[in-house]
Amino acid sequence: MKNYDHIKIEKKWQKYWDANKTYNTEAISKKKKYYVLDMFPYPSGAGLHVGHPRGYIGSDVYARMKRMQGYNVLHPMGYDAFGLPAEQYAIEHKIHPRKAVDINVKTFERQLSVIGLSYDWSRKVNTTDPAYYKWTQWIFLKIYNSWYDRKSDKARPITELIKLFGKSGNKNIDAVCDLNYTQTFSYKEWNTFTEVEKQGILMKYRLAYEGYALVNWCPKLGTVLANDEIVEDKDGKAISERGGYPVEKLSMRQWFMRITAYADRLLTDSEGLNWSTHIKEIQKNWIGKSEGSEIEFKTSINRNIKVFTTRVDTLFGVTYVVISPEYENISEFLVRSKNMADVSVYIREAKERSKKDNLDQKEKTGIELKGITATNPANGEEVPVWVADYVLAGYGTGAVMAVPAHDERDYEFAKKYNLPIKEVIIEQVNSRHDDGILHDSGKFDGLDSKEARTKITKEVDGKFITKYKMRDAIFARQRYWGEPIPLKRDKKTGIITTLKDKELPLKLPNVTSYEPTGTGESPLAGVNAWVKAGYETNTMPGWAGSSWYFLRYMDPKNEKEFASKKALKYWDNVDMYVGGQEHATGHLLYSRFWHKFLYDMGFVPTKEPFKTLKNQGLIIASDGRKMSKRWGNVINPDDTVKTYGADTLRVYEMFMGPFDQAVSWNTDSIIGSRRFLDKIWRLSLRLNKKSSSKDIENILHKTIKKITLDIESMNFNTAISSMMILVNEMEKDKIVSEKDFKMFLQILAPFAPHITEEIWEQLIRIDNYESKNKKQFTSIHLSIWPKWNEKKVIDDMVKIVVQVNGKVRTEIMISNDANEEDVKDLSMKDKDIIPWIKDKEIKRVIYVKGRIVNIVI
Ligand code: ANZ
């Protein structure tokens, strides 16, 4: 082949790899394993644009190097195909979601395969496949049938809790349970409870439980919307992104997962993960652990107000106390206030606002409860009590002690309503919100904030408390296209029973209408047989199937277990996970949570699913926007592959800029990557059996070292630029040694797998033609990754600066292994140095290895 014909070459090798199963993972083997995983995509109707494969190409380069380094590499791909995108597509195109998903998967698969990604397709998973979601349902049931024991700090089967209740009631049990559940009972009482009562109590402890939550309800669309399906109109009111219809808050029956039980472990275990600090920080803030104190204020109406504060050291600076409009006992305060009518209007309006307004309140409002005061437990001072909407009912105790001198929100509020501001902390590090030294705080004056917090909490009989911002996760959608929740409800008693293992999967029934019902209920509520059987009508949310798929790849065809113990032990966990950072508070938290649960139950051997995580940056369209059908700026990889070749696309996407940063697509610069490959093609036609020059050899070995380290750290762009330099040097040289060129091909192979394979094969063919010992062809991608020769990597000669009394007088070149005496000797004999030192007494000669000689006279 004279010219580089990418179309022919790429087709040929994709067919060959497929037929020869070049990339199939060995089952459990003696080899060391390496697990390289991409976040699997939603197969949306639009297909791939050139932004999507960036992460896939990066992880593919990485996986290919690991394979060549001798690892048994697991590098699979699959589809996360339940949920809204697939459902929307189906509704818009009036086809059943099952069909829509199958069509979309085909498109994705075709697009992915022309890029030459080295997936083991025999391990493909699809979350909508009943053979897959059988195990999603199975895991759900395990979670449903578990509780969290704080004493052993792990999940345990609910059967054990039932036994404990029967033996000693719930007094000595330290379990994570519903925040509002305070009932205690003895074992005798437990045994007298009816089954319905018992099940009601257990629901407060289960790790998957039923409850109510405010959801975003769009009456016009007749459906519940996720937060990211809502936008604001010009007045800041919530409207649906599709159609622009009003959205309200509505309380609806839901299933939840008690992820809060794992808050602390999710926090502490993230420290050991090799993830970007940015993502860890996002998760940390999301979990929002805060350590503080709960203290009580007595009030003039004989009703205490308990507040949660992280800054009890500022207690002497309290100038008022605030309760939330949705505070539990607010009516008792309301009826005793002197301005009851106004307060009641305020409360009603504030509640309305919090129902309707989607996001954070912009301007703080409030009203004083006239005639009611609270007593500061530290100094007996009487302060006013206010109701205000900047205090949230669902956080802490729903009430705060306000310290406007040291808290920004209180400050804003105090300024607006002319409330006093009293400073009690000085010598803060950065701002008046920081810790410092106490003053005007009675006997605590002079203490630092930290010490004061302990002492003051004790003094006022407060409690030390740890709170989390994170809430339990809703685990239900009122839509059709999701995994059925494998529970049945008895019509008369309401008692819920779980399906047996052998009844799984509970398959999604065929329906004629899978559109929202308009009542807010799932379309399954309209399927007679389903309702008659008593099945749960909500389906699982989008995040169910993706919370454990990485485990299924380890043993994807197993019908008896979600994965065998042996496979789980061998594959251990994901070594390298690549995907977008937009999943920081969704998928990446949920899957860590499920994994920890499975660990507690002894089903997986590791505490964390993903050891290392790398986030690829976005590819922005050349007009500066995100690529999207809506903007008409999408570039289809199919076109690029056709015109320039998959190898060019791969090299270009890896060369565009640092892997983790956003870059913009520029069709004009693709040609540079293509020329690089053209050059390599031409070089391959003039190879030589002689050795390369020493210079080329040195550059080659340096490049091998650099590429190896760059791929390891995912610095793909610098890897490519150093290969470009090497190719330029080779091109200039008269002799291009075949042996050296082959090593170069090997390090290029992960980036450009087709062209390298083609040249590799041609070289073997030529060799075989010329020699008697015919060699069998084996793929370059299964060849052994070249090792660099350390001696060739170190420069032979180094430059030494020679100074006299600290002033630079000349430079000399010395051999790398020259010893100290030789270097000093050489420096003093140098013709440029002799004039400076002759006839002088030399006091000292200082040598800084490999860099400087300083002669002191
Ligand atoms: C007095 C104080 C003085 C506070 C000070 C802070 C600084 P994090 O860290 O986010 O947990 N707070 C408590 N419950 C609240 C609620 N339901 N709605 C709104 N704000 C609430 O924040 C804890 C702090 O947030 C608490 O500490 C309380 O204000 C406020 F110089 O108490 B602080």
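Scroll up to find the structure this text is about.
None of these values were measured; they are calculated from a predicted model.

## Concerning the overall build of the chain
Next up, step 1: Broken down by element type, the chain carries 28 helices and 32 strands.
Next up, step 2: Within the chain, the proportion of its 857 residues that are buried is 52%.
Next up, step 3: A total accessible area of about 41,000 Å² is found for the chain, and carbon and sulfur atoms account for 51% of it.
Next up, step 4: Looking at the chain, you have 134 positive and 115 negative side-chain charges, and the mean spots of the two groups are 5 Å apart.

## Points about the site of the ligand
Next up, step 1: Around the ligand sit 17 residues in total, of which Ser-290, Thr-309, Leu-392, Tyr-395 and Lys-469 are the nearest.
Next up, step 2: At a separation of 2.6 Å, an oxygen atom of the ligand approaches a polar side-chain atom of Ser-290.
Next up, step 3: Tyr-395 has a polar side-chain atom sitting 2.4 Å from an oxygen atom of the ligand.
Next up, step 4: With the chains in place, 88% of the 640 Å² that the ligand exposes on its own is no longer accessible.
Next up, step 5: When grouped by side-chain class, the residues that make up the shell around the ligand number 8 nonpolar, 5 polar and 4 charged.

## So, the pattern of salt bridges
Next up, step 1: Using the criterion set out here, one finds 53 salt bridges in the structure.
Next up, step 2: Between Arg-123 and Asp-120 there is a salt bridge whose closest N-O contact spans 3.4 Å. Summarising the burial analysis for this pair, Arg-123 and Asp-120 share the class buried.
Next up, step 3: Linking Glu-412 and Lys-364 is a salt bridge whose minimum nitrogen-to-oxygen distance equals 3.1 Å. Of this pair, Glu-412 sits in helix H13 (residues 408–417) while Lys-364 sits in the loop between helix H12 (340–356) and strand E16 (366–375), placing them 48 residues apart in sequence.
Next up, step 4: Salt bridges linked by common partners bring Lys-12, Glu-758, Glu-761 and Arg-765 together as one network.

## Focus on the layout of surface pockets
Next up, step 1: Considered as a void within the structure, the second largest pocket measures approximately 310 Å³ in volume.
Next up, step 2: Here the element with the most residues in the lining of the second largest pocket is helix H1 (residues 6–20); it accounts for 3 residues.
Next up, step 3: When the residues that make up the lining of the second largest pocket are grouped by side-chain class, the tally is 6 nonpolar, 6 polar and 4 charged.

## Regarding the packing of helix H2 (residues 53–68) against helix H22 (residues 694–712)
Next up, step 1: The interhelical angle for the contact between H2 and H22, taken along N-to-C directions, is 125°, at an axis separation of 9 Å. Relative to H22, the element H2 is oriented oblique. H2 and H22 meet at a crossing whose hand is left-handed. Here H2 contributes Val-61, Tyr-62, Met-65 and Lys-66 to the contact with H22, which in turn contributes Thr-708, Ile-711 and Glu-712.
Next up, step 2: Here the residues of the contact of H2 with H22 sort into 4 nonpolar, 1 polar and 2 charged.

## Notes on unusual backbone geometry
Next up, step 1: Cis geometry marks the peptide bond from Leu-504 to Pro-505; its omega dihedral reads -5°.
Next up, step 2: The residue Pro-505 is located in the loop between strand E24 (496–498) and helix H15 (528–532) in this model.
Next up, step 3: One non-glycine residue, Asp-153, lies in the positive phi region at around 50°.
Next up, step 4: Looking at the secondary structure, you find Asp-153 in the loop between strand E5 (146–149) and strand E6 (154–157).
Next up, step 5: Here Asp-153 falls in the partly exposed class, since its relative accessible area comes to 41%.
Next up, step 6: Although it is not a glycine, Asp-440 adopts a positive phi angle of roughly 50°.
Next up, step 7: Looking at the secondary structure, you find Asp-440 in the loop between strand E20 (437–438) and helix H14 (449–459).

## Concerning the nonpolar core
Next up, step 1: Grouped together as the largest cluster of nonpolar side chains are 170 residues, with contacts concentrated most on Phe-140, Phe-562, Trp-594, Phe-744 and Phe-751.
Next up, step 2: When residues of this core are assigned to their parent elements, the largest contribution, 9 residues, is made by helix H5 (residues 130–144).
Next up, step 3: If near-sequence neighbours (up to four positions away) are discounted, Trp-594 is found in contact with Thr-136, Ile-139, Ile-143, Met-257, Phe-475, Trp-543, Ala-544, Ser-547 and Trp-548.
Next up, step 4: Among the nonpolar cores identified, the runner-up in size contains 37 residues, and Ile-305, Val-312, Ile-347 and Ala-452 belong to it.

## Things to note about the side chain of Asp-575
Next up, step 1: Within the element layout of this structure, Asp-575 appears in strand E25 (residues 574–579).
Next up, step 2: A polar contact of 2.8 Å, which involves the side chain of Asp-575, links it to the side chain of Lys-33.
Next up, step 3: The residues contacting Asp-575, other than those within four sequence positions of it, are Lys-33, Tyr-34, Tyr-35, Lys-611 and Thr-612.

## Thoughts on the packing of aromatic side chains
Next up, step 1: Inspection of the entire model under this criterion finds 56 aromatic pairs.
Next up, step 2: Judged by centre distance (5.9 Å) and plane angle (50°), the rings of Tyr-34 and Tyr-62 are tilted. In this pair, Tyr-34 is assigned in strand E1 (residues 33–38) and Tyr-62 in helix H2, connecting sequence segments 28 residues apart.
Next up, step 3: A relative accessible area of 14% means that Tyr-34 is categorised as buried.
Next up, step 4: Since its relative accessible area comes to 1%, Tyr-62 is described here as buried.
Next up, step 5: When the ring of Phe-140 is compared with that of Trp-255, the centres are 6.4 Å apart and the planes differ by 80°; the resulting orientation is edge-to-face. With Phe-140 in helix H5 and Trp-255 in strand E12 (residues 248–257), this pair connects stretches of sequence that are 115 residues apart.
Next up, step 6: A connected cluster of aromatic rings, assembled from ring pairs, spans Phe-140, Tyr-144, Trp-255, Phe-475, Trp-543, Tyr-590 and Trp-594.
Next up, step 7: When the ring centre of Trp-275 is taken as origin, the NZ or CZ atom of Arg-592, which lies over that ring, is 5.8 Å away.

## Overview of the pairing of strand E29 (residues 797–804)
Within a regular beta strand, the side chains point alternately toward one face of the sheet and then the other, so they alternate between its two faces.
Next up, step 1: Pairing of E29 with strand E30 (residues 807–815) involves 8 bridges; the strand directions are antiparallel. Note on E30: the bridge partner recorded for Val-804 is Lys-807.
Next up, step 2: As judged from the 4 bridges shared by E29 and strand E32 (residues 852–856), these two strands associate in the parallel manner. Along E32, the bridge assignment pairs Val-804 with Ile-855.

## Re empty space enclosed by the protein
Next up, step 1: Counted under the stated rule, the structure contains 1 cavity of 30 Å³ or more.
Next up, step 2: The leading source of residues in the lining of the largest cavity is strand E23 (residues 487–489), at 3 residues.
Next up, step 3: For the lining of the largest cavity, a count of residues per class yields 4 nonpolar, 1 polar and 3 charged.

Thresholds, definitions, all that
Residues numbered from 1 in each chain as written. Predicted model: local features only at pLDDT ≥ 70, side-chain atom pairs only at ≥ 80, totals over all residues. Heavy atoms only, no water. Helix = DSSP H or I, 4+ residues; strand = E, 2+ residues; numbered from the N terminus. Buried < 20%, exposed > 50% of the residue type's maximum accessible area, 1.4 Å probe, protein only. Areas by Shrake-Rupley, 256 points an atom, 1.4 Å probe, with all protein chains shown as cover. Lys, Arg positive; Asp, Glu negative; His and termini not counted. Charge placed at Lys NZ, Arg CZ, Asp CG, Glu CD. Near = heavy atom within 4 Å. Polar contact = N/O pair within 3.5 Å; in protein donor to acceptor, adjacent residues only side chain to side chain. Nonpolar A, V, L, I, M, F, W, Y, C, P; charged D, E, K, R; others polar. Salt bridge = Lys/Arg side-chain N within 4 Å of Asp/Glu carboxyl O. 1 Å grid on protein atoms, 1.4 Å probe; cavity = no way out; pocket = protein on both sides within 12 Å on 5 of 7 lines; lining within 4 Å. Points joined across faces, edges and corners; volume = space filled by probe spheres on them. Axes fitted to C-alpha atoms, helices over the stretch in contact; angles between N-to-C directions. Parallel < 35°, antiparallel > 145°, perpendicular 65-115°, else oblique. Left-handed = near helix turned anticlockwise from the far one by under 90°. Contact = heavy atoms within 4.5 Å. Core = buried A, V, L, I, M, F, W, Y, C linked by side-chain atoms within 4.5 Å. Phe/Tyr/Trp six-rings, centres within 6.5 Å; stacked < 30°, edge-to-face > 60°. Lys NZ or Arg CZ within 6 Å of the ring centre and 35° of its normal. Pairing = 2+ DSSP bridges.

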